[in-house]
Amino acid sequence: MKRREFIGLNGAAIASAGLGTLAGQDAVSAEHPAGDPTAVGNPCLFNPDPTMVSVVWRVHQHSAGVVEYGVTEKLSQTATVIRHGLCHRDDTVLMVHLEDLKPDTIYYYRTVTMPMDFSAGRYLNSPARGKVHRGKIYSFRTLPTKSNIASFAVINDTHEKTPIIHGLFEHIADNPVDSVIWNGDMFDNVHTKEIVTEQTVDLLGPKEYAVSRPITFVYGNHDIRAEFAPDLEKIFPTRDGRRYFTWQNGPIQFMVLDTGEVNDVRDVTSFPDYRSEQIPWIAEQIKRPEWKAAPFRVAISHIPLHGPWSSADARKKWDGLLNEGNVDLMIAGHTHKAAYYPPAHDRTYHLLVGGGPLPGEQRVLRGRVEGGKMYLRIEHPHPQSRPTVIDPIESRV
C-alpha cells in the first residue's frame, strides 16, 4: 500500500472528510454474540517499524473506520485512509496505517467503526449510518532504532492447523518478544473468501495475540494459491506496494524477500521474473548506511536458498548479493523440518529453517541480541521439550 494513501488527521480534518461522527463521538463498546452482523473484532497490528504500524480489524457489515491514538490515553490523534477522495470502507476488514510515529515509544490506540448502509438506492454522500462502535483501548511500543537489545520469534508453515497456531502463539506469549514473524504458508490454499479472515483476524483477534505486539507476515508459496489469494493484501497491507521490504529493530536490520511459488502456472504466475525484479532492490538495500552500520543483518524468505527443497533460481539470483551485504543470518521455512546450517563455502551466513504444521513438527525460532551477540534457539512448544540452542553469532561490525 502506497504511503500517500494513508492519512493521519486531526478531528477537524476527519470531520471534513465525512467521518466526523466517528472521531470524538461517545459510543459504548459492547459484547456481541457469535454471528451478530454488528460485531466488531479486536484489532491486529501488522508491519512493525520504528515509525509506523498497520491496524487491521474485523467487521461483519459495510463500515467505515478510524483509529484514535496518542502517547497518552487521551488519544489526541486520529488516522484513517482516504484514496482517490473516498474514505476507506469494507464489509469484512478495515485497515488504517499509523505513520510518523516516534521510535521506542508507547502509544495508546483504539478502533472506531461506523456501519454504513447504501441499500435502497441511497446516494454516495447520504448512507444510513448505524451505531458507532468504539473499541477497547490498547497500547503498543514502536520498535527502537538506538537500542543494543532486540528480540523476535518466527513461526511458519501452520497450514490452517488452528490448534497448532494457538499453541505457537501461547508459547511465544510465555516469553514475549518485540515482534513476531509469520514466515509463510499460513494457508493450504486460499480457495474461499471466508478462509481469508478465518485464518487471520478471526483467529488472532479474539485471543488478542496481536493487539500489542505486531506481526510481520511473509508470503509463502501456499499463500498465493487459488482464487482469493489477492484478498490477503486486505489483511496484510504491503509496504510501498511490495511484498519484499526491510525494517529495523534496534541492532537488527531485517530484509524480507519473496521467493514466490515453486513452479509457474501459465497465465497465472510469473515468478522467475518476479525474483529477478528483486535483484536491483537488494543491491540498493545493502548499500544503505543503516544496513552497513547495523550490528546484525537478517534476511527472511519462506523458501530456503540452500538445503532440501530450496529455490535454485532464488539462490542463483540473490545469494551473491546477500554474501556481499554481509548477511549474518537467513531464516526460512517450507521444508516442514527444523534445521540449522552454519556458514559454508558457498555462503557466509548462518541458515535457520523452521518446522511444519504437525504436532511433532511445529517449532518457534527465537532470536535475541544482547551484548554484541545474537542468541538463537529452536523451540518446541511442548513444555517438557528442550530447545536446540545455537552457538552465539558474533557481530561483524
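Owing to the predicted nature of the structure, the values given are computational and were not obtained by experimental measurement. (Residues numbered from 1 in each chain as written. Predicted model: local features only at pLDDT ≥ 70, side-chain atom pairs only at ≥ 80, totals over all residues. Heavy atoms only, no water.)

A. Molecular detail of the overall build of the protein chain. What the protein chain contains, in helices and strands, is seven helices and 24 strands. Split into buried and exposed, the 397 residues of the protein chain put 54% on the buried side. Taking the contacts inside the protein chain whose residues are at least 6 apart along the sequence as the reference set, 72% of them involve residues at least 24 apart. When the accessible surface of the protein chain is split by element, carbon and sulfur atoms take 51% of a total near 17,400 Å². (Helix = DSSP H or I, 4+ residues; strand = E, 2+ residues; numbered from the N terminus. Buried < 20%, exposed > 50% of the residue type's maximum accessible area, 1.4 Å probe, protein only. Contact = heavy atoms within 4.5 Å. Areas by Shrake-Rupley, 256 points an atom, 1.4 Å probe, with all protein chains shown as cover.)

B. Spotlight on the sheet that holds strand 17 (residues 252-256). With mixed pairing, the six strands of this open sheet are ordered in space as 16-17-18-19-21-20. Lying at the two open borders of the sheet, with one neighbouring strand each, are strand 16 (245-249) and strand 20 (339-341). On average, each strand axis in the sheet is tilted by 20 degrees relative to the strand beside it, whichever way the strands run. Here four bridges tie strand 19 (residues 329-332) to strand 21 (residues 350-353), and the two strands are oriented parallel to one another. Bridging from a neighbouring strand, Leu329 pairs with His350 of strand 21. (Pairing = 2+ DSSP bridges. Axes fitted to C-alpha atoms, helices over the stretch in contact; angles between N-to-C directions.)

C. Local environment of the pattern of salt bridges. Using the criterion set out here, one finds 17 salt bridges in the structure. Residue Glu68 pairs with Arg110 through a salt bridge whose shortest N-O separation is 2.9 Å. Taken together, the residues span a long stretch of sequence, with Glu68 in strand 4 (residues 63-70) and Arg110 in strand 9 (residues 106-117) at a distance of 42 residues. The exposure class assigned to Glu68 is buried, which follows from its relative accessible area of 5%. Across the pair Asp90 and Lys234 runs a salt bridge whose closest N-O atoms are separated by 3.3 Å. Note that Asp90 is positioned in strand 7 (residues 89-90) and Lys234 in the loop between strand 15 (215-218) and strand 16, a separation of 144 residues in sequence. Taken together, the shared-partner salt bridges connect Glu68, Arg110 and Arg134 into one network. (Salt bridge = Lys/Arg side-chain N within 4 Å of Asp/Glu carboxyl O.)

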